[in-house]
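# Survey of secondary and tertiary structure
Letter by letter, the chains look like this.
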Amino acid sequence: MNRYEALRRSEPEWFRNDPGGIEILRDPALVRRARREGTEAQRDAPAGRMAALWARLRARMRPVPAGVVSANRYVWYLRDPVRFPDGRLGLYDRLLPPPDSSPGVVVLPLLGPEGEVVLIEHYRHATRSRHWEVVRGFGDPGATGEENVARELREEIGATPTRVTALGTVHPDTGLLAQRVELYAAFVDGVGELETGEAIGRAVVVPVREAEAMVADGAITDGFTIAALYRARLAGLWGPDGHT
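What you are looking at is a predicted structure, and each value in this text was computed from that prediction instead of being measured. (Residues numbered from 1 in each chain as written. Predicted model: local features only at pLDDT ≥ 70, side-chain atom pairs only at ≥ 80, totals over all residues. Heavy atoms only, no water.)

So, on to the nonpolar core. In terms of nonpolar packing, the biggest core is built from 24 residues, with Leu-108, Leu-110, Val-117, Leu-119 and Trp-238 touching the most fellow members. Elements represented by at least two residues in this core include exactly strand S5 (104-111), strand S6 (116-124), strand S10 (181-188), helix H5 (208-216) and helix H6 (223-234). Ranked by residues supplied to this core, first place goes to H6 with five residues. (Core = buried A, V, L, I, M, F, W, Y, C linked by side-chain atoms within 4.5 Å. Buried < 20%, exposed > 50% of the residue type's maximum accessible area, 1.4 Å probe, protein only. Helix = DSSP H or I, 4+ residues; strand = E, 2+ residues; numbered from the N terminus.)

Okay, here's the thing in structure tokens:
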């Protein structure tokens, strides 16, 4: 837990306890109880009295670890000992951005005088399938949003932004992820070499209405892409006819 305690001191906002919320525990005795109860909750209830007793003994002897489960340059995986509003103790997992990172960016690339949408077909390891998406990526430490936008466009589709519009922020999964991601639309000078090393297979340029139809019929399921298209329309980037 030493790394976890160091993180508590350096990033106190990550461990803020609000009234009526889920309390992150600090008392060592409560932390031990939370680990034991979290271990028992994660295992199927064993059949039989002796099996149940043995399961509780194992939970006491080898409770699920808490604290910093893993950390790298992209994401920190924490398992917090907590008290729920109903009084139960247990463990709660969450993923956070590294302490020195800037927010990730989602970029809606627009091309030509009509502002047509550039979509990339991206193979994603998590789903083991291909998705139609806009450009996105993690933020570099110390970089501004527009610097991250320019870098991601260059890396993923070999493009340079000529005009960038901020579309606000989104929290992609408030049940697990602490990341706050910035949304942008960017007019680009063209589409160049794709980042095939990141499993980007191809790029297409489609009218806005077609991109929105792909959302409606389920061809686009990526939440970031849907959010960027919706926020761009709310921002008035194009009219009812889908033209900029």
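Let's pick the thread back up.
According to the stated counting rule, one finds 18 salt bridges in the structure shown. Arg-233 is the partner of Glu-212 in a salt bridge, and the nearest nitrogen-oxygen pair spans 2.6 Å. Residue Glu-212 is located in helix H5, and its partner Arg-233 is located in helix H6; the two are separated by 21 residues in the primary sequence. You can call Glu-212 partly exposed: its relative accessible area is 26%. Linked through salt bridges whose partners overlap, the residues forming this network are Arg-124, Glu-133, Arg-136 and Asp-222. (Salt bridge = Lys/Arg side-chain N within 4 Å of Asp/Glu carboxyl O.)

With that settled, consider the environment of Ala-150. If you trace the backbone, Ala-150 turns up in helix H4 (residues 145-157). Here Ala-150 falls in the partly exposed class, since its relative accessible area comes to 23%. For the pair Ala-150 and Pro-161, spaced eleven residues apart in sequence, the C-alpha to C-alpha distance is 6.3 Å.

Our focus in this paragraph is the packing of aromatic side chains. Aromatic ring pairs are defined here through the distance separating the ring centres and the angle between the ring planes. This model, assessed by the stated rule, comprises three aromatic pairs. Note on Tyr-4 and Phe-15: the rings are 5.3 Å apart at their centroids and 90° apart in plane angle, and the pair reads as edge-to-face. Placement of the pair is Tyr-4 in helix H1 (residues 2-10) and Phe-15 in the loop between H1 and strand S1 (23-24), with a sequence separation of eleven residues. Take Tyr-4: its relative accessible area is 1%, and that puts it in the buried class. Aromatic side chains Tyr-74 and Phe-138 sit 4.8 Å apart centroid to centroid with 40° between the ring planes, which places their arrangement in the tilted category. You can see Tyr-74 sitting in the loop between strand S2 (67-71) and strand S3 (76-83) and its partner Phe-138 sitting in the loop between strand S8 (135-137) and H4, a full 64 residues away along the chain. A residue is classified by how much of its surface remains accessible, and Phe-138, at 47% relative accessible area, is partly exposed. The positively charged end of Arg-3 is found above the aromatic ring belonging to Trp-76, 5.0 Å away from the centroid. Above the plane of the ring of Phe-15 lies Arg-94, whose end atom (NZ or CZ) is 5.2 Å from the centre. (Phe/Tyr/Trp six-rings, centres within 6.5 Å; stacked < 30°, edge-to-face > 60°. Lys NZ or Arg CZ within 6 Å of the ring centre and 35° of its normal.)

Peptide bonds are mostly trans, and most non-glycine residues show a negative phi. Of note, the phi angle at Arg-128 is positive, near 55°, even though the residue is not glycine. Topologically, Arg-128 is positioned in the loop between S6 and strand S7 (129-133). By relative accessible area, Arg-128 is classed as exposed at 53%. The phi dihedral of Ala-199 falls on the positive side, at around 70°, and the residue is not glycine. When you line up the elements, Ala-199 lands in the loop between S10 and strand S11 (200-206). Classification of Ala-199 as partly exposed rests on a relative accessible area of 31%.

Next up on the list: the environment of Ser-129. By the element assignment, Ser-129 lies in strand S7. On the basis of relative accessible area, Ser-129 is assigned to the partly exposed category, the value being 26%. Sequence-distant contacts of Ser-129, that is, excluding residues within four places in its chain, are made with His-122, Tyr-123 and Arg-124. Within polar-contact distance, the side chain of Ser-129 engages the side chain of Thr-127 at 2.9 Å. (Contact = heavy atoms within 4.5 Å. Polar contact = N/O pair within 3.5 Å; in protein donor to acceptor, adjacent residues only side chain to side chain.)

Looking at the chain as a whole, the pLDDT averages 90, with 89% of positions reaching at least 70. Ignoring residues within four places in sequence, the model shows residues 51-55, a span with pLDDT below 50, making four contacts including any to other chains. (pLDDT = per-residue confidence, 0-100.)

Turning to the pairing of S5, a few remarks are in order. Within S5, seven of the eight residues are buried, which leaves it mostly tucked inside the rest of the structure. The pairing of S5 with S10 spans eight bridges and is classified as parallel. Residue pairing for S10: Leu-111 is matched across the bridge by Val-188. As defined by bridge partners, S5 adjoins S8 across three bridges and the pair is classed as antiparallel. Paired with Val-106 across the two strands is Arg-136, which belongs to S8. With two bridges connecting them, S5 and S6 associate as antiparallel partners. Its bridge partner lying in S6, Leu-110 is registered against Val-117. What sits between S5 and S6 in their antiparallel hairpin is a turn of four residues, with Gly-112 showing a positive phi close to 80°. (Pairing = 2+ DSSP bridges.)

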